[in-house]
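Okay, here's what each chain looks like letter by letter:
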Amino acid sequence: MKILMVCLGNICRSPLAEGLLKSKVDKNVEVDSAGTSGFHFQEPPDSRMIRTAKKHGIDLRQIRSRPFVYEDFARFDRIYAMDNDNYNNILSMAKTESDKEKVFLILNEIYPEENMGVPDPYFGGDRGFEEVFDFLDKATDEIVKKIGHG
Ligand code: 4NP
């Protein structure tokens, strides 16, 4: 099973989603993350996100930002978008029904059919990062229930 987490910059939300899910599954589950933009290509996660994750025992320091590419549809079984913009941008790159069927909005795992987005914490204060942690901790618990530990 291969899972890809996608946000805009791949420096805040999706690296945390990657780190959280990795901490909950074994090595049979491959987890990666990407951004719909390449603005932060090869940068590590935002220092505020690294700090928030570390407080909860998750180490994000090895992650480097990369853009989502068409080949990711073939490489991954499930692609989780953090918000509606990411979701629509990913779907706009899909070419086949099989591509489209792999794309999900991550908070629909805990709030089915509500189509809620994980709030973008980039321009806010530290509280936003804790809120993102809380949402993604719960959502990744649900994903583990669905796919198993690996
Ligand atoms: P992310 O947050 O999509 O959760 O990584 C953002 C990071 C950077 C920017 C926007 C959102 N930016 O505009 O540079």
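The structure displayed is predicted, hence computed values, not measured ones.

Caption draft 1: Inspection of the packing of aromatic side chains at higher detail. The full count for this structure, using the stated rule, is 5 aromatic pairs. Judged by centre distance (5.4 Å) and plane angle (50 degrees), the ring pair of Y70 and F73 falls under tilted. Residue class for Y70 comes out partly exposed when judged on its relative accessible area of 27%. On the basis of relative accessible area, F73 is assigned to the buried category, the value being 1%. Centroid distance Y80 to F104: 5.7 Å. Interplanar angle 35 degrees. Geometry classified as tilted. With Y80 in strand 3 (residues 78-81) and F104 in strand 4 (residues 103-105), this pair connects stretches of sequence that are 24 residues apart. For Y80, a relative accessible area of 0% gives the class buried. You can call F104 partly exposed: its relative accessible area is 25%. Among the aromatic residues, ring-to-ring pairing joins F68, Y70 and F73 into one connected group. Positioned above the aromatic ring of Y70 is the side chain of K95, whose terminal nitrogen or guanidinium carbon lies 4.1 Å from the ring centre.

Caption draft 2: Geometry of the sheet that holds strand 1 (residues 2-7). Strand order in the open sheet formed by 4 strands is 2-1-3-4, with parallel pairing between adjacent strands. The open sheet terminates on both sides in strands that have one partner only, identified here as strand 2 (30-35) and strand 4. Ignoring strand direction, the axes of neighbouring strands in this sheet form an average angle of 25 degrees. Across 3 bridges, the pairing between strand 3 and strand 4 is parallel. In the sheet register, Y80 faces strand 4, and the bridge partner there is F104. In the packing of helix 4 (residues 84-93) onto the sheet, contacts are made with strand 1, strand 3 and strand 4, and the angle to strand 4 comes to roughly 170 degrees.

Caption draft 3: Molecular detail of the nonpolar core. Ranked by size, the top nonpolar core spans 31 residues in total, and within it M5, L16, L21, L60, M82, I106 and L136 carry the most contacts. Put simply, the parts of the chain that give this core at least two residues each are strand 1, helix 1 (13-24), helix 2 (47-55) and helix 6 (126-147). The biggest single contributor to this core is helix 6, with 8 residues. Ignoring sequence-local partners within four residues, the contact set of L21 consists of I3, M5, V31, T140, I143 and V144. Ranked by size, the runner-up nonpolar core spans 12 residues in total, among them V6, I90, A94 and L105.

About the cut-offs
Residues numbered from 1 in each chain as written. Predicted model: local features only at pLDDT ≥ 70, side-chain atom pairs only at ≥ 80, totals over all residues. Heavy atoms only, no water. Phe/Tyr/Trp six-rings, centres within 6.5 Å; stacked < 30°, edge-to-face > 60°. Buried < 20%, exposed > 50% of the residue type's maximum accessible area, 1.4 Å probe, protein only. Helix = DSSP H or I, 4+ residues; strand = E, 2+ residues; numbered from the N terminus. Lys NZ or Arg CZ within 6 Å of the ring centre and 35° of its normal. Pairing = 2+ DSSP bridges. Axes fitted to C-alpha atoms, helices over the stretch in contact; angles between N-to-C directions. Contact = heavy atoms within 4.5 Å. Core = buried A, V, L, I, M, F, W, Y, C linked by side-chain atoms within 4.5 Å.

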